[in-house]
There are 4 protein chains.
Amino acid sequence: MANSKYEYVKSFEQPDVLLPNTWIVVRIDGRGFHKLSDYYGFIKPNDRRALDLMNAAAVGVMKDLPDLCIAYGISDEYSFAFHPNCQLFERRSAKLVTTIVSTFTAHYIYLWGTYFPDTPLQPAALPSFDGRAVMYPNSRIFRDYMSWRQVDCHINNLYNTTFWSMVLQGGMDRREAELELKGTLSSDKNEILFKRFGINYNNEEEIYKKGSVLYRQYQLEESSDSSVQEETSPLQEDTPSKTQQEKIRKLRRKVQVVVDHVDIIKDEFWERRPWILSGKPGKLPTEAKEVA
Amino acid sequence: MANSKYEYVKSFEQPDVLLPNTWIVVRIDGRGFHKLSDYYGFIKPNDRRALDLMNAAAVGVMKDLPDLCIAYGISDEYSFAFHPNCQLFERRSAKLVTTIVSTFTAHYIYLWGTYFPDTPLQPAALPSFDGRAVMYPNSRIFRDYMSWRQVDCHINNLYNTTFWSMVLQGGMDRREAELELKGTLSSDKNEILFKRFGINYNNEEEIYKKGSVLYRQYQLEESSDSSVQEETSPLQEDTPSKTQQEKIRKLRRKVQVVVDHVDIIKDEFWERRPWILSGKPGKLPTEAKEVA
Amino acid sequence: MANSKYEYVKSFEQPDVLLPNTWIVVRIDGRGFHKLSDYYGFIKPNDRRALDLMNAAAVGVMKDLPDLCIAYGISDEYSFAFHPNCQLFERRSAKLVTTIVSTFTAHYIYLWGTYFPDTPLQPAALPSFDGRAVMYPNSRIFRDYMSWRQVDCHINNLYNTTFWSMVLQGGMDRREAELELKGTLSSDKNEILFKRFGINYNNEEEIYKKGSVLYRQYQLEESSDSSVQEETSPLQEDTPSKTQQEKIRKLRRKVQVVVDHVDIIKDEFWERRPWILSGKPGKLPTEAKEVA
Amino acid sequence: MANSKYEYVKSFEQPDVLLPNTWIVVRIDGRGFHKLSDYYGFIKPNDRRALDLMNAAAVGVMKDLPDLCIAYGISDEYSFAFHPNCQLFERRSAKLVTTIVSTFTAHYIYLWGTYFPDTPLQPAALPSFDGRAVMYPNSRIFRDYMSWRQVDCHINNLYNTTFWSMVLQGGMDRREAELELKGTLSSDKNEILFKRFGINYNNEEEIYKKGSVLYRQYQLEESSDSSVQEETSPLQEDTPSKTQQEKIRKLRRKVQVVVDHVDIIKDEFWERRPWILSGKPGKLPTEAKEVA
């Protein structure tokens, strides 16, 4: 066919398959959200509508992509994780990342009006997101990644809560507040909040302090003393066939995705939800909280 | 700070900078658009509203990313090209691809209602796109890539026009039509169209036959006999500084993006628009057609 | 300086750092050794001199690169493994692979005369090796890699022993022997060997049946019931500083490298030599066997 | 077969095919040659035996790999270049690099005794090399790479010649000489050489000032005014079939490899040897100089 003359250009496409049997984390970030949050008048330090919109879009992604086993979001970023045994799109990096970024964006734009009914989107300032995929070779390191994000959430939120209290309630200039906070410890910020503004940081909302963690809601298990099991069984047993994969996807679609605001650094979270690290379905739940 | 304990996980992020001085093409594709076009009742073989929406979203991307020098779209796919001298995002592949995919998706979802006023989007069936970046080492090969897509447009559109005429006007069963078309040449399809349905394929709309090409509208130049110039000057002269880049971006934002449906295989298109392959701004136009 | 005009070409060098915390296996293979073994008259099916030369070259590599923790060789191939905590050359793939390939080649050529005193090398037929690096995310999979090679050794050696007995002792034509062996099971080959040639395969030399495994000789430990420990402790604890690395290298240089011909598929080998999978030095040995 | 249980580990091998239609340069470097040159008593600033050995090993590589079209060496480094139309080993990076590094090492070790008859190699200090592959998208940039290396040769040799004159003839301490040379221009070094040691740098041997360039000796052509032609013809015409490749290799093997010490920065070198940049065989020569 006539096309064959040009078809050689396909040979320039380079493979980008991620290493088998590693955790894949796709982290997406809002593009220019500092400016954008000013443009659409997001409330400082935390705009609940904006966070709820992020979470709703992330739930949309989790539902569209049943291979995802957990997601964690703070501010304008979200991390989506695939289990080491995931075979979606043959683990092609660009395909995985762009699918998540596009699906997230689609839900975010589509749902904007639900969360910001009085602030219509402007075509010259549409929100968008970039993203990247990172591999983590085992569950310990993957959990350290998740801990890293949650510690970051805490650090940023304590800072922002203090900073905006000083500016909005304390009437300080932004530069002034920034200078005073430079080099301060957590304890210093807690004290500023409490002494100057009567704010006990511990009483702040969990969604601000802990971020949002999304997962499929199977029956919680008793927390055990044994440490979390590694996903180190040989690949050939782990890798489900295409038919099995489709079956597992169907099952997962039926399980509800929950939005939680809890500690994911300590073992308890993972021990009570062993299906996340095992990559195998859990028992169906008898009850579910805050269902999305 | 407490975070340092986990921060080592950043070391797992791997660089993905594309080779300098190569054309970068980001091609995006609609995910599951076969099913989606049924779901939303797209007209066969070509739904003008859907194509116009694709083009409007692509214009949005061209405006948001002035580094892009040309784009070409057919059906539910779009190719966006960066010139070899492009330094956007330090040429990081994931950043370039996800930014384009997300920006395109944002405009597509945002503009849906404009092009499909009577067919509201459904949250369980939101359109989304995946994408990938491919490098082409020189202008000849880059132009072959563009020719490849336009030949594909022709082949697919002739096939689809014939197929859907047989089905919709000829009352044939889809399988029947498929079987009859198997192995036919272009001339056969032209004949079927003309003899059975009185359709002269040449009179079909250009947007269907040629696809859509988007570029910034500078003053067209006289077509010359000399073949297209190569972009082979040494990198150090080509690579603009950060400040120069920002300046060029500003200039480009002011130039209108046009949507054209013309031959991009022959030399003429490129000779009359030398700024596309040169990567340097052209003369400001005195007139402009179909401005987007 | 004048050079700066051209120095931009360095920007085309792309990073190739391997993912942290994964096993790195560099496998090298003789180039065209089928032809080369004919050229230099290697004895079939196994030339002890050639294998001893391979082992001596591999010992040279292990001594020159104390970061290596184990190596395994069969025929004209050798696999060298770095522990997940290895930081040598910042884990740059090309640097690791080429250093091993070059060092191995240097020893091989240098030592040729020792093992083939009557067969001088010819400049037009110098032995050479190619190689590649592969990452394995955890010890289970790394051990499966090692098992794969040793199973291959067994399969190939049983086949070759039978084939060459049929040809050299049985006077069969090569094609004939090949045809008869096609589709046979291990038991069939064992029977051919025993019934036709009075060879009990179990009595063949261990070096041919098991291949050669090289490691540093610390004090063997009692085989325990507990399964092999995972190398999953967090990276930041695992990664030694530059100074510590140099110290560990010095210690390792003092430990003797042994050449063993034993089963590395079962747990026992790894349990008695826990320093290999742990990446930490063992106890100094009180005795050592077959020291290289 | 029993092996299938472990064979899944092959899936961890990742492709490393280099972008089509780009120049591939494999640069190799001596490992620890500073120390090694002391160990074996290399003469300073240039040891002719060591350079001749490098060149002889490089000629060996050029003969073993007819796909190579040019090589350039200075000190303990050598750059080997494959033309954009090269298909050797399907352009797999590790395979190309390790083959060159290993072949070079084999010749270097094998030939050592010819060039250093009185200085036998010691097993604990065997010379070895590392290497890497870099892609250059067009001939202009590839030539800039070659110019970069030759400018480096000039800069280093002028420095070393001056430094070692000051130390060996001038009796200066190494540190002293280093300090005095810090920040000096070429003209300063020329003056030191001339005024203090009566050395006219221009009269130094070409091999030291220009390095060594290796290529296949076809009939030189008249230098033309036209600038060097680009290798931009479409890939499908350029890429020879496997059979054609083998034929071209055979032809190339018959052509002699010459070692030259000439300017490769100016156009003349390339214009008179058009086969290097074109990748097509030249006319057979009627005479040849310094044949290797």
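Keep in mind it's a predicted model, so treat the numbers as computed, not measured.

### Some details on the overall build of chain A
Each helix and strand in chain A was counted, giving eleven helices and six strands. Projecting the C-alpha coordinates of chain A onto the three principal axes gives extents of approximately 70 × 60 × 35 Å. For chain A, the proportion of its 292 residues judged to be buried stands at 55%. Summarising the internal contacts of chain A: among those between residues at least 6 apart in sequence, 80% fall at separations of at least 24.

### A word on the UniProt feature "binding site: Mg(2+) 1" (unreviewed entry) in chain A
Residue and element names in this part refer to chain A. Annotation from UniProt places "binding site: Mg(2+) 1" (unreviewed entry) at D29, G30 and D76. For the annotated residues, spread through 48 residues, the largest C-alpha to C-alpha distance comes to 5.9 Å, consistent with a single compact locus. Its place among the elements puts G30 in strand β1 (residues 23-30). Exposure remark for G30: the relative accessible area of 14% places this residue in the buried category. In this view, G30 contacts D76, S128 and F129; residues no more than four positions away in its chain are not counted. By secondary structure assignment, the location of D76 is in the loop between β2 (68-74) and β3 (77-82). Filtering out sequence-adjacent residues up to four positions away, D76 remains in contact with I28, D29, G30, F33, M54 and F129.

### Topic: the packing of helix α2 (residues 48-64) of chain B against helix α3 (residues 93-115) of chain B
Residues and elements named next belong to chain B. Two elements in contact, α2 and α3, have axes whose closest approach is 8 Å; the angle formed by their N-to-C orientations is 135 degrees. Considering their axes alone, α2 and α3 lie oblique with respect to each other. Considering how the two elements wind past one another, α2 and α3 form a crossing that is right-handed. Counted together, R49, D52, L53, M54, A56, A57, A58, G60, V61 and D64 of α2 and I100, T103, F104, H107, Y108, L111, W112 and Y115 of α3 form the full contact between these two elements. For the contact of α2 with α3, the class distribution of residues is twelve nonpolar, three polar and three charged.

### Some points on the UniProt feature "binding site: Mg(2+) 2" (unreviewed entry) in chain A
Residue and element names in this part refer to chain A. What UniProt calls "binding site: Mg(2+) 2" (unreviewed entry) maps, in this numbering, to D29 and D76. Among the secondary structure elements, D29 is positioned in strand β1. D29 has contacts with D76, E77, S128, F129 and D130, leaving out every residue within four places of it along the chain.

### With respect to the nonpolar core
In terms of nonpolar packing, the biggest core is built from 311 residues, with I70(A), F104(A), F104(B), I70(C), F104(C), I70(D) and F104(D) touching the most fellow members. When near neighbours in sequence (up to four residues on either side) are disregarded, I70(D) contacts M62(D), S79(D), F80(D), A81(D), F142(D), M146(D), V213(D), L214(D), Y215(D), F269(D), W270(D) and I276(D).

### With respect to the packing of aromatic side chains
Residues and elements named next belong to chain A. Scanning all chains against the criterion turns up 100 aromatic pairs over all chains. Geometrically, the ring pair formed by F142 and W270 is edge-to-face, given 6.1 Å between the ring centres and 75 degrees between the ring planes. Linking F142 in helix α4 (residues 139-169) with W270 in helix α10 (residues 267-272), this pair joins segments that are 128 residues apart in sequence. For the pair shown, F142 and W270 are each scored as buried. Between Y159 and F163, the aromatic rings sit 6.1 Å apart at their centres with planes inclined by 10 degrees, giving stacked as the arrangement. Of the two residues, Y159 and F163 both sit in helix α4, four residues apart, roughly one turn of that helix. Given the relative accessible area of 26%, Y159 is considered partly exposed.

### So, the interface of chain A and chain B
Contacts between the two partners involve 51 residues from chain A, matched on the other side by 51 residues from chain B. Roughly 4400 Å² of surface becomes buried between chain A and chain B when both sides are summed, with 63% attributable to carbon and sulfur atoms. Ranking the residues of chain A by area buried against chain B places Y6(A), Y110(A) and W148(A) at the top, with a combined share of 15%. Scanning the region where chain A abuts chain B turns up six salt bridges.

### Some details on the relation of the copies chain D and chain C
Once turned by 180 degrees and shifted 0.0 Å along the axis, chain D lies on chain C with an RMSD of 0.0 Å. The two molecules are tied by a two-fold rotation axis, judged by turn and shift. Taken as a fraction of all interface residues of chain D, those also at the interface in chain C reach 100%, which identifies the copy contact as same-surface.

### Comments concerning the sheet that holds strand β6 (residues 257-260) of chain A
Residue and element names in this part refer to chain A. If you walk across this open sheet you meet the six strands as β4-β1-β3-β2-β5-β6, and the pairing is antiparallel. A single partner strand is all that each edge strand has here, and the edge strands are β4 (129-136) and β6. On average, each strand axis in the sheet is tilted by 20 degrees relative to the strand beside it, whichever way the strands run. Pairing of β1 with β4 involves eight bridges; the strand directions are antiparallel. Bridging from a neighbouring strand, I28 pairs with G131 of β4. Against the sheet, helix α2 (residues 48-64) makes contact with β2, β3, β4, β5 (212-216) and β6, and its axis sits at roughly 25 degrees relative to β5, the strand it touches most. The sheet strands contacting helix α3 (residues 93-115) are β1, β2, β3 and β4, and the helix crosses β4 at an angle near 140 degrees.

### Overview of the environment of D260(D)
Residues and elements named next belong to chain D. Its location among the elements puts D260 in strand β6 (residues 257-260). Between the C-alpha atom of D260 and that of L185, which follows or precedes it by 75 residues, the distance is 28 Å. Among the polar contacts listed, one links the side chain of D260 to the side chain of Y215, at a separation of 2.5 Å.

### Things to note about the pattern of salt bridges
Taken as a whole, this structure holds 84 salt bridges over all chains when the rule is applied. We note a salt bridge from R48(C) to E205(C), for which the minimum N-O separation is 2.8 Å. In this pair, R48(C) is assigned in helix α3 (residues 48-64) and E205(C) in the loop between α7 (186-197) and α8 (206-210), connecting sequence segments 157 residues apart. Classification of R48(C) by relative accessible area gives partly exposed; the value is 32%. A salt bridge links E90(D) to R92(D); the shortest N-O distance between them is 3.3 Å. One salt-bridge network, held together by shared partners, links E13(A), R27(B), D29(B) and R132(B).

### Observations concerning the relation of the copies chain A and chain B
Relative to chain B, chain A is turned by 180 degrees and slid 0.0 Å along the rotation axis, the superposed coordinates differing by an RMSD of 0.0 Å. Here 100% of the interface residues in chain A have copies in chain B that are interface residues too; the copies meet face to matching face.

### Observations concerning the interface of chain D and chain C
Between chain D and chain C, the contact holds 51 residues from the first and 51 residues from the second. Together, the buried faces of chain D and chain C total about 4400 Å²; carbon and sulfur atoms form 63% of this surface. Considering only the side of chain D, the residues that lose the most area to chain C are Y6(D), Y110(D) and W148(D), jointly responsible for 15% of the buried surface there. In this structure, the salt-bridge partner of R27(C) is E13(D), at a minimum N-O distance of 3.4 Å.

### Topic: the side chain of S212(B)
Residues and elements named next belong to chain B. Residue position: S212 is located in strand β5 (residues 212-216). Within the structure, the side chain of S212 is placed 3.0 Å from the side chain of N55, a separation counted as a polar contact. A distance of 3.3 Å separates a polar atom in the side chain of S212 from a polar atom in the side chain of H261.

### Digging into the sheet that holds strand β3 (residues 77-82) of chain B
Residue and element names in this part refer to chain B. As summarised here, the arrangement of the six strands in space is β4-β1-β3-β2-β5-β6, forming an open sheet in which the pairing is antiparallel. On the outer flanks of this sheet lie β4 (129-136) and β6 (257-260), each paired with one strand and no other. Direction aside, neighbouring strands of the sheet carry axes that sit 20 degrees apart on average. Direction of pairing for strand β2 (residues 68-74) relative to β5: antiparallel, over a ladder of four bridges. Opposite G73, over in β5, you have S212 as the bridge partner. Packed on one face of the sheet, α2 meets β2, β3, β4, β5 and β6 and runs near 25 degrees to β5.

### Re helix α6 (residues 174-181) of chain C
Measuring from the side-chain oxygen of the N-cap residue of α6(C) to the backbone nitrogen of R175(C) gives 2.9 Å; that N-cap residue is D173(C). Downstream of α6(C) by one or two residues, G183(C) has phi in the positive range, about 85 degrees.

### Notes on the packing of helix α5 (residues 139-169) of chain C against α6(C)
Residue and element names in this part refer to chain C. Running from N to C, α5 and α6 cross one another at 135 degrees; their axes reach a closest spacing of 9 Å. Comparing their axes, α6 and α5 come out oblique. In this structure, the crossing between α5 and α6 has a hand that is right-handed. Between α5 and α6, the contacting residues are Y159, T162, F163, W164, M166 and V167 on the first element and R174, A177, E178, E180 and L181 on the second.

### Notes on helix α4 (residues 93-115) of chain C
Residues and elements named next belong to chain C. End to end, α4 covers 32 Å across 23 residues, agreeing with the expected 33 Å (1.5 Å per residue, within 8%). I109 marks the point of greatest bend in α4, at about 30 degrees. Across the 23 residues of α4, 17 count as buried, placing the element largely inside the fold.

Cut-offs applied
Residues numbered from 1 in each chain as written. Chains lettered and ligands numbered in written order. Predicted model: local features only at pLDDT ≥ 70, side-chain atom pairs only at ≥ 80, totals over all residues. Heavy atoms only, no water. Helix = DSSP H or I, 4+ residues; strand = E, 2+ residues; numbered from the N terminus. Buried < 20%, exposed > 50% of the residue type's maximum accessible area, 1.4 Å probe, protein only. Contact = heavy atoms within 4.5 Å. UniProt positions renumbered as here; feature names shortened; annotations may be inferred. Axes fitted to C-alpha atoms, helices over the stretch in contact; angles between N-to-C directions. Parallel < 35°, antiparallel > 145°, perpendicular 65-115°, else oblique. Left-handed = near helix turned anticlockwise from the far one by under 90°. Nonpolar A, V, L, I, M, F, W, Y, C, P; charged D, E, K, R; others polar. Core = buried A, V, L, I, M, F, W, Y, C linked by side-chain atoms within 4.5 Å. Phe/Tyr/Trp six-rings, centres within 6.5 Å; stacked < 30°, edge-to-face > 60°. Buried area = accessible area lost by both parts, 1.4 Å probe. Salt bridge = Lys/Arg side-chain N within 4 Å of Asp/Glu carboxyl O. Least-squares fit on C-alpha atoms with pLDDT ≥ 70 in both. Pairing = 2+ DSSP bridges. Polar contact = N/O pair within 3.5 Å; in protein donor to acceptor, adjacent residues only side chain to side chain. Expected span 1.5 Å × (residues − 1). Bend = angle between axes of the 7 residues up to and from the residue.

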